[in-house]
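# Topology and contacts: notes
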Amino acid sequence: MSCLFPASLLHVELRPGMPPILPVDTPDDASAWAADHRQVLRTLVTEHGAVLVRGLDLRDADRAADVLHRLAAAPMTDRESFAPRRTYTPGVYSSSAWPPNQPMCMHHELSYTLQPPGLVLFACPTAPTTGGATAVADAATVLEALPAELVRRFEQEGWLLSRTYNDEIGASCGEAFGTDDRGAIEDYCRTSGIAFAWQPDGSLRTRQRRPAVTAHPVTGRRCWFNQVAFLNEWTIEPEIREYLIDVYGAESLPFNTSFGGGDPIGPDIIQLLNDIYATHTAREPWRAGDLMLVDNVRTAHSREAFEGPREVLVAMAEPLSPVQCPPAGETSAG
């Protein structure tokens, strides 16, 4: 099956279990092609939720970064990342540093920030030998599949992300906030609705409440939009979770999620969320040179475990309006 977009005569291939794929003839100048087709691609992303563009031959990181800049006219600066990233050029980063043998579950990029990106762009100069797909799932469909009572609770309370920054697991405080200056970090937290507390050992603990369901800014369709499952302790491999609790304590894990009122989210709920995501997952292995554009509200994405070298560049754009959160009801992260 294919979808013909009249303005560009580009055919988007639609197949069950796969993201929409747009095959193109390799242009002489990929950057110029991206500039010429930027609006068309953005329209296709709104229509389909995600589009994998195949044929641009972005096997060189510099060329890939330039294409991402052409498609994201004002790329966002990465802040509050959960894991370190390498910066290629301003606004273009590596994918998050995460063990290759550990999958990254479905999530919406930076959905815990006050202004998450509305668009996420990926380019793959080097594809892994096996695995490593950036899979996608439709957030509106996922929401419809969730139990109504659970959705109501999340809509009423939102969800709470707790973080304790350290220099061993995930992004350090300096990497996440782009500075080691305590005053600057505190100012950022205050303006971003983040409760914070410096610990006796100098580490930073934060808590931030965000909505779990949001309306798409263009279509208005309600979408499951959060990182409740991905950043929860029960998504972590059991032996790793036990190690983290032994080292940091159950209350000081590098990251964890709970209901917005503070109640813990049990493993049964996390399993349910991940199972529903799995049911609605579409995947296509990366090929060297591929480009993918993802509507960050309508579409969750993941990264599967992989073997071999894998280089994927990331850019984020189109910051959403500041999210409306249930009242925090707290002034300190404890």
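Keep in mind that this is a model prediction, so the values were computed, not measured. (Residues numbered from 1 in each chain as written. Predicted model: local features only at pLDDT ≥ 70, side-chain atom pairs only at ≥ 80, totals over all residues. Heavy atoms only, no water.)

## As for the sheet that holds strand β12 (residues 195-198)
Taken in spatial order, the 4 strands of this open sheet run β12-β13-β11-β16, and their pairing is antiparallel. Each of the sheet's edge strands pairs with one partner strand only, and the pair in question is β12 and β16 (255-259). On average, each strand axis in the sheet is tilted by 15° relative to the strand beside it, whichever way the strands run. Bridging between strand β11 (residues 159-164) and β16 involves 5 bridges; their strand directions are antiparallel. By the bridge assignment, serine 162 is partnered in β16 with asparagine 256. Where helix α6 (residues 182-191) meets the sheet, its contacts fall on β12 and β13 (204-210), and the angle it forms with β12 comes to roughly 155°. (Pairing = 2+ DSSP bridges. Helix = DSSP H or I, 4+ residues; strand = E, 2+ residues; numbered from the N terminus. Axes fitted to C-alpha atoms, helices over the stretch in contact; angles between N-to-C directions. Contact = heavy atoms within 4.5 Å.)

## Let's talk about the packing of aromatic side chains
Tallied over the entire structure, the rule returns 9 aromatic pairs. Where phenylalanine 82 meets phenylalanine 255, the ring centres are 6.4 Å apart and the plane angle is 90°; that geometry is what we call edge-to-face. Placement of the pair is phenylalanine 82 in the loop between α2 (61-71) and β5 (87-89) and phenylalanine 255 in strand β16, with a sequence separation of 173 residues. Between the aromatic rings of phenylalanine 154 and tryptophan 224, the centroid separation amounts to 5.3 Å while the plane-to-plane angle is 85°, which identifies the pairing as edge-to-face. Pair noted here: phenylalanine 154 is in helix α4 (residues 148-157) and tryptophan 224 is in strand β15 (residues 222-224), with a separation of 70 residues, a long-range link. Above the ring of tyrosine 88, the side-chain terminus of arginine 86 is found at 4.2 Å from the ring centroid. Cation over ring: arginine 182 sits above tryptophan 198, and NZ or CZ is 4.1 Å from the ring centre. (Phe/Tyr/Trp six-rings, centres within 6.5 Å; stacked < 30°, edge-to-face > 60°. Lys NZ or Arg CZ within 6 Å of the ring centre and 35° of its normal.)

## Some words on the pattern of salt bridges
The tally for this structure, following the rule as stated, stands at 17 salt bridges. Here arginine 15 makes a salt bridge to glutamate 13, at a shortest N to O gap of 2.9 Å. On the accessibility criterion, arginine 15 (42% relative accessible area) is partly exposed. Among the salt bridges present, the one from aspartate 138 reaches arginine 298, with a minimum N-O distance of 2.9 Å. Here the residue aspartate 138 occupies a position in strand β10 (residues 136-138), and arginine 298 occupies one in the loop between β18 (289-295) and β19 (299-303), the gap between them amounting to 160 residues. Overall, aspartate 138 belongs to the buried group, its relative accessible area being 17%. For arginine 298, a relative accessible area of 22% corresponds to the partly exposed category. Connected through salt bridges with shared partners, the residues Arg54, Glu284 and Asp290 form a single ionic network. (Salt bridge = Lys/Arg side-chain N within 4 Å of Asp/Glu carboxyl O. Buried < 20%, exposed > 50% of the residue type's maximum accessible area, 1.4 Å probe, protein only.)

## Some remarks on unusual backbone geometry
Positive phi is not limited to glycine here, since leucine 110 has a value of about 55°. Note on placement: leucine 110 falls in the loop between β7 (104-107) and β8 (117-126). One non-glycine residue, glutamate 318, lies in positive phi territory at about 55°. Take glutamate 318: it is sitting in strand β21 (residues 311-319). Residue glutamate 318 is classed as partly exposed on the basis of its relative accessible area of 34%.

## Section: the side chain of asparagine 296
The residue asparagine 296 is located in the loop between β18 and β19 in this model. Of note is the side chain of asparagine 296, whose polar atom sits 2.8 Å from the backbone oxygen of proline 117. Excluding its chain neighbours within four sequence positions, the residues that come into contact with asparagine 296 are His108, Glu109, Pro117, Gly118, Leu119, Val120, Phe225 and His301. (Polar contact = N/O pair within 3.5 Å; in protein donor to acceptor, adjacent residues only side chain to side chain.)

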